[in-house]
Amino acid sequence: MNCFEIAKKVLDRSFAKIEGSQEEKVKLINKRISELQTAYGNLDQKDGVDYSDPITQFAYIYKYTTAHASYVCTLMEKADRKDALPTEGKIKLASIGGGPGSDFLGFLKFYNSSCYSGISAISNSFDKDSDWSYCWSKVFEEARECTEGEEACSSLSTNFHILDVCDPKSTQRIDDYTDSDIFTMIYFMSEVYQFRDKVAPFFTYLFSNIRKGATVLFIDNKTDRYREWFDFFVGANGYEVLISGEDRWVPSFDEQKAVLGEYLTLLKQNPKLQGDIAYRVVRKM
Ligand SMILES: C[S@@+](CC[C@H](N)C(=O)[O-])C[C@H]1O[C@@H](n2cnc3c(N)ncnc32)[C@H](O)[C@@H]1O
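On a predicted model such as this, the values are computed, not experimentally measured, just so you know.

## A closer look at the overall build of the chain
So, point 1. The number of helices and strands found in the chain is 10 helices and seven strands.
So, point 2. Computed over the C-alpha atoms, the radius of gyration of the chain is 18 Å, within 12% of the 19 Å expected from 2.2 N^0.38 for a compact globule of 285 residues.
So, point 3. In terms of principal-axis extent, the alpha carbons of the chain reach across some 55 × 45 × 35 Å.
So, point 4. Within the chain, the fraction of its 285 residues that count as buried is 56%.
So, point 5. Within the chain, contacts between residues separated by at least 24 positions form 86% of all contacts whose residues are at least 6 apart in sequence.
So, point 6. In the chain, the 35 positive side-chain charges and the 43 negative ones have mean positions that sit 2 Å from each other.

## Structural notes on the sheet that holds strand β4 (residues 182-186)
So, point 1. An order of β3-β2-β1-β4-β5-β7-β6 is seen for the seven strands of this open sheet, with the pairing classed as mixed. Sheet topology places β3 (153-162) and β6 (239-249) at the edges, where each strand pairs with a single neighbour. Direction aside, neighbouring strands of the sheet carry axes that sit 15 degrees apart on average.
So, point 2. One ladder, built from three bridges, connects strand β1 (residues 90-96) with β4; its direction is parallel. Paired with Leu93 across the strands is Ile182, a residue of β4.
So, point 3. Running at roughly 150 degrees to β4, helix α8 (residues 196-209) makes contact with β1, β4, β6 and β7 (275-284) of the sheet.

## Examining the nonpolar core
So, point 1. Ranked by size, the top nonpolar core spans 99 residues in total, and within it Tyr111 and Phe203 carry the most contacts.
So, point 2. No other element matches the 15 residues that helix α3 (residues 54-81) contributes to this core.
So, point 3. Residues within four places of Tyr111 in sequence aside, it is in contact with Met76, Leu85, Pro86, Ile91, Tyr116, Ile119, Ala152, Cys153 and Ile182.

## Looking at helix α2 (residues 22-41)
So, point 1. Here α2 is 20 residues long and its end C-alpha atoms lie 29 Å apart, about the 28 Å a rise of 1.5 Å per residue gives.
So, point 2. Of all the positions in α2, only Lys25, Val26, Ile29, Arg32, Ile33, Leu36 and Ala39 are classed as buried. One face of α2 carries all of its buried residues, which in axial projection span an arc of 150 degrees. The exposed residues of α2 that point more than 90 degrees off its buried face are Glu23, Lys27 and Gly41.
So, point 3. Those residues of α2 hidden inside the fold are in contact with α1 (3-17), α3 and α10 (262-267).

About the cut-offs
Residues numbered from 1 in each chain as written. Predicted model: local features only at pLDDT ≥ 70, side-chain atom pairs only at ≥ 80, totals over all residues. Heavy atoms only, no water. Helix = DSSP H or I, 4+ residues; strand = E, 2+ residues; numbered from the N terminus. Rg over C-alpha atoms; globule rule 2.2 N^0.38 Å. Buried < 20%, exposed > 50% of the residue type's maximum accessible area, 1.4 Å probe, protein only. Contact = heavy atoms within 4.5 Å. Lys, Arg positive; Asp, Glu negative; His and termini not counted. Charge placed at Lys NZ, Arg CZ, Asp CG, Glu CD. Pairing = 2+ DSSP bridges. Axes fitted to C-alpha atoms, helices over the stretch in contact; angles between N-to-C directions. Core = buried A, V, L, I, M, F, W, Y, C linked by side-chain atoms within 4.5 Å. Expected span 1.5 Å × (residues − 1). Arc of directions from axis to C-beta.

Any functional reading would require information that these geometric values do not contain.
Next comes the structure, spelled out in structure tokens:
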């Protein structure tokens, strides 16, 4: 399974949805990529990133989705070596701040390249931005098509849920999913850190109610305050830390940006490959 290939198919559909001539679209997308980069460099000062329009969604998927999916797959390989992942039957994934589906792609890539088979995967993604649901459904459709006939996941179902972790009602909305097997928080805590007072009740509820034995995967910028915030909830709610590190990661060798074809030429810029990240794998005791 190749995430750049899936991203390219989703980008083709998204590009068609953006209004204007090719030249205008390219200008808008490049402007949005640079706005996203600026926003991610100043996450604590902004009002939050707005992902609601198709240009931003294209920019995000082009620039970030494959790298993030690939990091998730790498972290799952590490977690698997510690026996931290389920390997058979029904596996429920809950992605908090799942965006266009990068976490899910990484999850699927891991299981499809593993030696496991006969898995029935149920993926639930929670995000405040309902406009992601279009990209989410396309990512899922393309992923299902690209992995048809592959051994690991004999059945695959996904759901997109609108959930704003700043909303006091978010704890009720996550309640039915605390029995999931794997939780992902990928480049999510950095995005809501500036609202930490409002978000604390959600994380306190989630971390204390996640079922015993479930695994939480965390990847974020290598900035002390984000990982320390994650570590705080882990320490306060009875988790075993299985993996903890900071490093520079790149996508696996089978992910080649050349697959993005004409967009590389049109946009004249590369997707993100390297990431200076902090990562964790923890298990509820
Ligand atoms: C940097 S993106 C990460 C998306 C995905 N996990 C990935 O790695 O590609 C952060 C995500 O958090 C979502 N988000 C931001 N604030 C949120 C909130 N208050 N509640 C839920 N989701 C939120 C955004 O809509 C966005 O999809």
